[in-house]
Amino acid sequence: MVTMGNPEQTTNFWNTYRLPFPGLCDPQQRAYQTYSLPDGDIRLLAGPGILGKTFTAFFKHGVSKSIGSGLQMPGVFIIDQQGIVRYNHPYQSSADNPPNSLILQKLAAMKSVMEQPQESADIQEEDGRVQ
Amino acid sequence: MSTQPVQPIQPARQRPSVGPQEGMPALDLQLQNKDGAKVRLSDYWQRSPIVLVFLRHFG
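In this report, the structure presented in the accompanying data block is examined. (Residues numbered from 1 in each chain as written. Chains lettered and ligands numbered in written order. Predicted model: local features only at pLDDT ≥ 70, side-chain atom pairs only at ≥ 80, totals over all residues.)

Regarding the interface of chain B and chain A
Here is step 1 of the chain: Contact with chain B, which involves 42 residues of that partner, is made by 50 residues of chain A.
Here is step 2 of the chain: Elements with a contribution of two residues or more to the side of chain B that touches chain A: strand 1 (30–33), helix 1 (41–45) and strand 3 (50–54) of chain B.
Here is step 3 of the chain: Among the elements that line the side of chain B that touches chain A, the one with the most residues is strand 3 of chain B, at five residues.
Here is step 4 of the chain: Of the residues assigned to the side of chain B that touches chain A, the class counts are 22 nonpolar, 13 polar and seven charged.
Here is step 5 of the chain: Here strand 2 (residues 24–25) of chain A pairs with strand 1 of chain B via two bridges, running antiparallel. Bridging across to strand 1 of chain B, Cys25 of chain A finds its partner in Gln32 of chain B. (Contact = placed C-beta atoms within 7 Å. Helix = DSSP H or I, 4+ residues; strand = E, 2+ residues; numbered from the N terminus. Nonpolar A, V, L, I, M, F, W, Y, C, P; charged D, E, K, R; others polar. Pairing = 2+ DSSP bridges.)

Considerations on the environment of Pro7 of chain A
Here is step 1 of the chain: On the secondary structure map, Pro7 of chain A appears in helix 1 (residues 7–17).
Here is step 2 of the chain: Overall, Pro7 of chain A belongs to the partly exposed group, with 18 C-beta atoms counted inside 10 Å.
Here is step 3 of the chain: Residues Pro7 of chain A and Cys25 of chain A lie 18 residues apart in sequence; the distance between their C-alpha atoms is 6.1 Å.
Here is step 4 of the chain: Every residue in contact with Pro7 of chain A, bar those within four places of it in the chain, is listed here: Cys25 of chain A together with Gln32, Lys34, Asp35 and Gly36 of chain B. (Buried ≥ 20, exposed ≤ 12 C-beta atoms within 10 Å, placed from the backbone.)

From the geometry alone we can't say anything about function, so treat these as descriptive.
Have a look at this one:
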C-alpha cells in the first residue's frame, strides 16, 4: 500500500489501523504520477453521491488533516509474479472503491491460471506414456 | 556544473488519463518503506502476486 505520507506519517497511520501489510511512502507522489493517477476536482472528491460516504468516514474516523495532496485520486492495481498488470482500477471518484470480493475473485482467477500449466503438463506427460 | 534545467513534474491534469493497462508490464519503482528502507515494487511482486493500492488518506 502506497501513501502520500513520509515514513513517520505512514507509520502513525499503520499503527492507528494496525495494518498487516507493507507500507510504502511517496510524499512527492511520483509513484502516483508514474501510474497516471490524476488529481480530482471538487465534483470527484465531494460531489453528489460521494458526500454521504465522506460524512460516514468522518463520523467513523474523525476529522483530520489530509496527508499529501487532498486532490490526488487513488488507484488499485493487481500485479502478477512476472510483473504484468492483471487488474487496474484508477478511481473515478474518491468513493469509487473496488469491492473486496472483486479483488479476491481476480486473485483466485490468477491462482487458477498459475496452477493450470502444471496440471496440463502432467496430463501431457501421462498421455506420452500411454502412447 | 550542469546547466540543464530540471524538468518539472507534469501537472496532474496533463497526465494520461489511464495508467498501466491489464496485460501490460507494471512500472517498477523504488520507494521508501515506512521504516525508511529503500525497496522496489518488484521486490514484492517477485515473491507473490500483489495488490498495489495507492491510498488517499487522512491522519
